[in-house]
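# Working through the structure, step by step
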Amino acid sequence: MDTHKRLRQLLNERGWTEYRLSKECGLSESTLANIFRRNTMPSIATLEAICSGFGITLSQFFAEGDMVEMSPELKELFDNWVTLTTEQKKAALQMIQALNRK
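Residues numbered from 1 in each chain as written. Predicted model: local features only at pLDDT ≥ 70, side-chain atom pairs only at ≥ 80, totals over all residues. Heavy atoms only, no water.

### Section: the packing of helix H1 (residues 3-14) against helix H4 (residues 44-54)
The condition that has to hold: Working convention: axes come from line fits to C-alpha atoms, limited for helices to the stretch in contact. Angles between N-to-C directions cover 0 to 180 degrees. Helix and strand assignments follow DSSP, with helices taken as H or I runs no shorter than four residues and strands as E runs no shorter than two, numbered in order from the N terminus. Angle categories: roughly parallel below 35 degrees, roughly antiparallel above 145, roughly perpendicular from 65 to 115, and oblique for all the rest. Note on convention: the crossing is left-handed when the near helix lies turned anticlockwise from the far helix by less than a right angle, right-handed when the turn is clockwise. In this description, contact between two residues means that some pair of their heavy atoms is separated by no more than 4.5 Å. Polarity classes work like this: nonpolar for Ala, Val, Leu, Ile, Met, Phe, Trp, Tyr, Cys and Pro, charged for Asp, Glu, Lys and Arg, and polar for all others, with Gly in that last group.
Running from amino to carboxyl end, H1 crosses H4 at an angle of 20 degrees, the nearest separation of the two axes being 11 Å. Relative to H4, the element H1 lies roughly parallel. Note that H1 runs across H4; the crossing there is left-handed. Residue-level inspection shows Leu7, Leu10, Leu11 and Arg14 of H1 in contact with H4, the latter providing Leu47, Ile50 and Phe54. Class assignment of the residues belonging to the contact of H1 with H4 gives a composition of 6 nonpolar, no polar and 1 charged.

### Some thoughts on the state of the cysteines
For clarity, the cut-off: In plain terms, two cysteine sulfur atoms within 2.5 Å form what is called a disulfide here. Whether a residue is buried, partly exposed or exposed follows from its accessible area with a 1.4 Å probe, protein chains only, as a fraction of its type maximum: under 20%, in between, or over 50%, in that order.
Applying the stated criterion across every chain yields a total of 0 disulfides. This cysteine, Cys25, is not joined by any disulfide, and Cys51 carries the nearest cysteine sulfur, 9.8 Å off. On the basis of relative accessibility, which here comes to 1%, the residue Cys51 falls in the buried class.

In structure tokens, the structure reads:
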């Protein structure tokens, strides 16, 4: 993965400037300038701070595809889902689809 490309992607997705990122993550503008303009690789600690500023985890930063943050509600739903039988899963899915059609 190209770390610099991913950082630019996250900035662009949010419409942020490097200045905004520095304020969100608590790193100095010069630290970010070194990363972006001099193509230096951030340390893990620096990358963790940047990810925190973006509101994502390191795992999400390095994920190749879309990731969904597992909220407590989604975790509870998933934990209950895996214990259902195949027939129960079909019935639950049909109910959810019916609720979405209203």
